[in-house]
Amino acid sequence: MRDRIRGKMQEDEFQPWAHDVPRDTLASVYPDGCRDVLILRRAGQRPEVRLTSFDLRPRLAALPAGTTVQGYRLRPGARIAANALRAIEAQPDQAGAIIRNDLALSGDADHAIRALCRPGAGAAAVAGDLGLSLRSLQRLFHRLDLPPPDYWRLLARARQAARHLGGPSPLAAIAADCGFSDQAHMTRELLRWFGKTPRQLQRDGETLTLLGQPALGNWTGEQSSTR
């Protein structure tokens, strides 16, 4: 088993972002394999700190007008303790430093998540590469309060397909390249995770932009200013 990674994290272990809400908004949030530390500020109120959970399906988040959101998107699989969240609530301007010092990541879970994002990856094969049985890998994720291995594998595949939809490739080719059995299989999975068919996503540039932000299977580049 690899050593647990903790403290003094690399800069890419979280990505800061910010969003101002000029009017009452229902913001679309899509599964991305990440948790975000959110600092919500409203006029005349104390800052509120939240830690998002792992989404299993699309949802709408109500944001009142005048809200300012400072977010810190954590690397897929990274965890942060409740006492760190309390420290952020007491010193919100120090959130980045607190997260950097307190973020924890299991080396085995990080390796497994990265491997599960590869096209055609199988949970049993990934477990074998780590010297574990599939059941042991499942127990590892459960012990760390992370979704099971298939969550990461299936969501990463759907996100990879969504990122290809903005290009010229035919849908059948995208399905094959991303490891789906056929185009119909890809359609079912995109509906499951994002609530839209491939054709609907191709016509929805805003959603494709959201799905292209750094997250599971795409932890590189600049963080967009909206969630």
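Structure: see above.
Let me begin by describing the structure that accompanies this report. (Residues numbered from 1 in each chain as written. Predicted model: local features only at pLDDT ≥ 70, side-chain atom pairs only at ≥ 80, totals over all residues. Heavy atoms only, no water.)

1. Focus on the pattern of salt bridges
All chains considered together, the criterion is met by 12 salt bridges. The closest approach of N and O atoms between Arg 73 and Asp 36, which form a salt bridge, is 3.5 Å. Taken as a pair, Arg 73 in strand 7 (residues 68-74) and Asp 36 in strand 4 (residues 36-41) lie far apart in primary sequence, 37 residues in all. Judged on exposure class, the residue Arg 73 and its partner Asp 36 are both buried. Here the salt bridges share partners, and the residues they tie into one network are Glu 13, Arg 75, Asp 110 and Arg 114. (Salt bridge = Lys/Arg side-chain N within 4 Å of Asp/Glu carboxyl O. Helix = DSSP H or I, 4+ residues; strand = E, 2+ residues; numbered from the N terminus. Buried < 20%, exposed > 50% of the residue type's maximum accessible area, 1.4 Å probe, protein only.)

2. Comments concerning the sheet that holds strand 2 (residues 14-20)
Hydrogen bonds between backbone atoms are what pair the strands of a sheet, whose relative direction is either parallel or antiparallel. The antiparallel open sheet is built from four strands, whose spatial order is 2-7-4-5. In the strand order of this sheet, the two ends are held by strand 2 and strand 5 (48-51), each with one partner. Here the strands of the sheet are splayed against their neighbours by 15 degrees on average, with no regard to which way each runs. In terms of strand pairing, strand 4 meets strand 7 through six bridges, oriented antiparallel. Note on strand 7: the bridge partner recorded for Asp 36 is Arg 73. Contacts from helix 2 (residues 95-102) reach strand 2, strand 4 and strand 7 within the one sheet, and its direction differs from that of strand 7 by about 20 degrees. (Pairing = 2+ DSSP bridges. Axes fitted to C-alpha atoms, helices over the stretch in contact; angles between N-to-C directions. Contact = heavy atoms within 4.5 Å.)

3. Let's talk about the side chain of Thr 207
In this fold, Thr 207 is placed in helix 10 (residues 205-211). Judged by relative accessible area, which is 4%, Thr 207 ranks as buried. One polar contact links Thr 207 to Tyr 30, side chain to side chain, over a distance of 3.3 Å. One polar contact links Thr 207 to Asp 204, side chain to side chain, over a distance of 2.7 Å. Among residues more than four places away in sequence, those in contact with Thr 207 are Tyr 30, Lys 196 and Leu 201. (Polar contact = N/O pair within 3.5 Å; in protein donor to acceptor, adjacent residues only side chain to side chain.)

4. Some thoughts on the packing of aromatic side chains
Inspection of the entire model under this criterion finds seven aromatic pairs. Both rings, one in Tyr 30 and one in Phe 194, keep their centres 6.4 Å apart while their planes meet at 75 degrees; by these two values the pair is edge-to-face. Taken together, the residues span a long stretch of sequence, with Tyr 30 in the loop between strand 3 (25-29) and strand 4 and Phe 194 in helix 8 (residues 183-194) at a distance of 164 residues. As far as the burial class goes, Tyr 30 and Phe 194 line up, both buried. Measuring from centroid to centroid gives 5.7 Å for Tyr 151 and Trp 193, while their planes differ by 75 degrees, and the two rings are edge-to-face. Note that Tyr 151 is positioned in helix 6 (residues 149-164) and Trp 193 in helix 8, a separation of 42 residues in sequence. Taken as a pair, Tyr 151 and Trp 193 share a single burial class, namely buried. Here a set of aromatic residues connected by ring pairs shows up, and it is made of Phe 54, Phe 141, Tyr 151, Trp 152 and Trp 193. (Phe/Tyr/Trp six-rings, centres within 6.5 Å; stacked < 30°, edge-to-face > 60°.)

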